[in-house]
Each structure stands twice: as structure tokens, then as C-alpha cells.
Amino acid sequence: MEQTEICEYFNGIIKYEKDVSAGMAAIRTLLKVLERSRSETVQELRLCLQNAVNAMRSTDNPITAIASGSELFLRFITLATLDTPSFAECKRIMLHRGKVFYEKLVAARGKVAKVAAHFITDGSKILTHSKSRVVLQAMKEAAACNKIFEVYVTNSSPDNSGVEMCQNLTKMGISCTLILDSAMGYIMEQVDMVMVGAEGVSESGGIINKLGTYTMAMCANVVKKPFYVLTESFKFSRIYPLNQVDLPDEFKYTASTLKKELQKEHPLVDYTAPHFISLLFTDLGILTPSAVSDELIKLYL
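Residues numbered from 1 in each chain as written. Predicted model: local features only at pLDDT ≥ 70, side-chain atom pairs only at ≥ 80, totals over all residues. Heavy atoms only, no water.

Peer 1: Quick one: what's the story with the overall build of the protein, residue by residue and with numbers?
Peer 2: Across its full length, the protein carries 11 helices and 10 strands. For a compact globule of 301 residues, the expected C-alpha radius of gyration is about 19 Å, and the protein comes in at 20 Å, within 12% of that figure. If you line up the protein on its principal axes, its C-alpha atoms span 60 × 45 × 35 Å. Partitioning the contacts of the protein with sequence separation of at least 6, the portion at a separation of at least 24 is 73%. Counting every atom, the protein has about 14100 Å² of accessible surface; 53% of that belongs to carbon and sulfur. (Helix = DSSP H or I, 4+ residues; strand = E, 2+ residues; numbered from the N terminus. Rg over C-alpha atoms; globule rule 2.2 N^0.38 Å. Contact = heavy atoms within 4.5 Å. Areas by Shrake-Rupley, 256 points an atom, 1.4 Å probe, with all protein chains shown as cover.)

Peer 1: Report on the packing of aromatic side chains, specifying residues and quantitative values.
Peer 2: For any pair of aromatic rings, the description consists of the separation of the ring centres together with the inter-plane angle of the planes. This model, assessed by the stated rule, comprises six aromatic pairs. With centroids separated by 5.9 Å and ring planes inclined at 75°, the aromatic side chains of Tyr214 and Phe276 adopt a geometry described as edge-to-face. Of this pair, Tyr214 sits in helix H9 (residues 213-222) while Phe276 sits in the loop between strand S8 (269-272) and strand S9 (279-282), and the two are 62 residues apart along the sequence. Aromatic ring contacts, followed pair by pair, group Phe73, Phe76 and Phe101 into a single cluster. (Phe/Tyr/Trp six-rings, centres within 6.5 Å; stacked < 30°, edge-to-face > 60°.)

Peer 1: Give a description of the nonpolar core that names residues and reports values.
Peer 2: Core analysis: the largest hydrophobic core is formed by 66 residues, its most contacted members being Leu127 and Phe227. With nine residues, helix H2 (residues 22-36) is the single largest residue contributor to this core. With residues up to four places along the chain from it excluded, the contact list for Leu127 reads Tyr152, Ile179, Met184, Ile187, Met188, Val191, Met193, Val194, Met195 and Met216. If you look at the next biggest cluster of nonpolar residues, it comprises 26 residues, including Met165, Leu169, Cys176 and Met193. (Core = buried A, V, L, I, M, F, W, Y, C linked by side-chain atoms within 4.5 Å. Buried < 20%, exposed > 50% of the residue type's maximum accessible area, 1.4 Å probe, protein only.)

Peer 1: Outline the sheet that holds strand S10 (residues 285-287), listing residues and values.
Peer 2: Strand order in the open sheet formed by seven strands is S3-S2-S1-S4-S7-S9-S10, with mixed pairing between adjacent strands. If you trace the sheet from one side to the other, it starts and ends with strand S3 (175-179) and S10, each paired once. Across the sheet, the axes of successive neighbouring strands diverge by a mean angle of 25°, strand direction being ignored. Against the sheet, helix H5 (residues 87-117) touches strand S4 (193-196), strand S7 (227-230), S9 and S10, its axis set at about 135° to S9. (Pairing = 2+ DSSP bridges. Axes fitted to C-alpha atoms, helices over the stretch in contact; angles between N-to-C directions.)

Peer 1: Can you lay out the pairing of strand S6 (residues 207-210) for me, pointing to particular residues and giving the numbers?
Peer 2: Note: strand S5 (residues 200-201) against S6, two bridges, orientation antiparallel. Within the sheet, the bridge partner assigned to Val201 lies in S6 and is Ile207. Hairpin connection of S5 to S6: five residues between the antiparallel strands, including Gly205 at a positive phi of 95°. Pairing of S6 with S8, which is carried by four bridges, proceeds in the antiparallel orientation. In the sheet register, Ile207 faces S8, and the bridge partner there is Thr272.

Peer 1: Describe the sheet that holds S6, and please don't skip the residues or the numbers.
Peer 2: Spatial ordering of the open sheet is given by S5-S6-S8, a layout of three strands whose pairing is antiparallel. Of all the strands in the sheet, the pair left with one neighbour each is S5 and S8.

Peer 1: Go over the side chain of Thr231 with me, naming the residues and quoting the values.
Peer 2: Turning to its location among the elements, Thr231 is positioned in the loop between S7 and helix H10 (249-252). A relative accessible area of 0% means that Thr231 is categorised as buried. Ignoring sequence-local partners within four residues, the contact set of Thr231 consists of Val112, Ala198, Val201, Phe236, Leu280, Phe281, Thr282 and Asp283.

Peer 1: I'd like a rundown of unusual backbone geometry, residues and numbers included.
Peer 2: Excluding glycine, residues mostly carry a negative phi; peptide bonds, for their part, are mostly trans. A cis amide bond, omega 5°, links Ser157 with the succeeding residue Pro158. You can see Pro158 is positioned in the loop between strand S2 (150-154) and helix H7 (161-171). Positive phi is not limited to glycine here, since Asn146 has a value of about 65°. Here Ser156, not a glycine, exhibits a phi torsion of approximately 65°, which is positive. Examined against the element boundaries, Ser156 turns out to sit in the loop between S2 and H7.

Peer 1: Quick one: what's the story with the packing of H5 against helix H6 (residues 133-144), residue by residue and with numbers?
Peer 2: Interaxial distance between H5 and H6 falls to 8 Å at its minimum, and their mutual angle equals 55°. What the angle tells us is that H5 and H6 run oblique. For the element pair H5 and H6, the recorded crossing hand is right-handed. Taken together, the residues of H6 that come into contact with H5 (itself represented by Arg109, Val112, Ala113, Lys114, Ala116 and Ala117) are Arg133, Val134, Gln137, Ala138, Glu141 and Ala142. Tallied by class, the residues present in the contact of H5 with H6 amount to seven nonpolar, one polar and four charged. (Parallel < 35°, antiparallel > 145°, perpendicular 65-115°, else oblique. Left-handed = near helix turned anticlockwise from the far one by under 90°. Nonpolar A, V, L, I, M, F, W, Y, C, P; charged D, E, K, R; others polar.)

Peer 1: How would you explain H7 if you had to name every residue and give the values?
Peer 2: Every buried residue of H7 is accounted for by Ser161, Gly162, Met165, Cys166, Asn168 and Leu169. The arc that holds every buried residue of H7, seen down its axis, measures 160°, which confines them to one face. Lining the buried residues of H7 we find strand S1 (125-128), H6, S2, S3 and S6. Where H7 ends, the next residue or the one after it, Gly173, has phi of about 85°, a positive value. (Arc of directions from axis to C-beta.)

Below is the structure:
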């Protein structure tokens, strides 16, 4: 597949399948590239897949989940290159492992939701930020168990993604109130917990997520409210930012924005340090931030 074809396929998934995240779309795209590849050696195939990753990273989509998901996918399938009699057999095994990997990720969101739903109790008030598919799924699970609770959702400028989140919750029959981003400190005293998703999780257990998450975490910390993160393990990334400035620009801005004068541009995401996070609900179980590095080691062994 040519780079333009790869970008079109990837962007098409994100545009027409609203329930699919950028990370999952990236892995599906890599599977398609793997199927269509005419490479004749393992090295050629690896180069072909890496070029596909670079093509997706050049699109105007947040690359945090694309980077971590793609890296883990490539690591997982290339383990199959050992002790195979021919390249054709090697490619067959890689394709099979890739499909198994994708199926596990499809099930991951449901696993996270089931674990997190147990923490939502009758009468609880929850604050969330922006739109998160896994947070939405967890609240759907809780509502299905006849739990009655209330949700506050930030509007989440500049794309106002919180509006869609609020609409989805309302359709499920869940009481939901849309609030201004600047009202998160005001409302924090009234809620029992904060639940957010994540675009990426660093080695330290900190998270990269929609701009404003860091502010929400600080507010929760000040008024002693638990700050829970719901995320799939394929978003675990081998990066270790120390602060906002230390987060690479390619994670904070789209490819087209990187060509502009960044001092005048707002970043899309911010970094929330691990000491602000109470627990991470993942498909690997409930983790403390300090446990993420151990899980990353297992994932990449």
C-alpha cells in the first residue's frame, strides 16, 4: 500500500466508525498493510510496516495512542519471526498473531468497563472530562446494573467533545450535566470521584490526555477526591516525561500544527503526573501508577 492509500484507509476508519479509537484504527491499518504487503524478506516487511506507522503519524490525528499501539503491535507480531522455516510461513504466523492481538484489544474496553463499573455506587456523583469511549462504556455497565448516579461532563474546548459525551449518557438514561471547563473547581466539592480516559500512559504511571485533565487532577487532589483513570493496556507507552514542557511536541500538536509557530498554538493534550492519580483501571486489572512500569516490562518481554 502506498502512503496516501494508508492515510486514506486510516482516516476512513476514524471518520466513519465513531466507536473506534485512533490507536485501534492504527492497528487495523497495520493488519491491512501486512495482508497486502508484497515484501519478500522479514526486513522488508518490517520496513513496510514502519513506513505505514510514519504515514499515520503524519495525519492530523493525536498520535499518542497511534505510537504506543503500533509499537506494541510490531513487537508482538515480530516475535513470530524466530525459528520459522520460510518467509511465507513467518508472514502467515505474523498475520495470525496480529489478528489475535487485535481481538484482544477489542475485548479490552469491555474488561476495563466491567472493573470500573464496580466502583460506581448508587447515588454517586461523578465528574469526567471530554469524551472517553471506555468511561462511557463503564457508565453503561453501571446503569445496566440498575445503579442510579449523576455525571458532570466538562464541555472540553476547543472541540467541545464533552457535548457528545453528555448526549450519549443522556440517551442511556443517565442523569448528566454539561459544565464549563472553568467550572471544574467549583463542581469538584460536590462530586464523589473523577473518572477520565487516557490517550496514553507513561512509564511512570502518569497519563497523557485531553487538555484540561491536569487541571482537573490538581483540583481533585486539593479537595481530596479520588482520581481514576480508565485505559486499555495498549496505550502504555515507553516515554517518561517529567513535566508539560518535557512532553514531545509531536504528542501535543497535530502534524499540520507543528509547521506553525507553536508559541501561539494551544496543545491538544497535557501530562498528568502519577502522584495525582489514585488508580488505573485496565484490562490487566486495577493498577497503581507505580505498577505500570512492571506491566510495560512484561508487555515487551
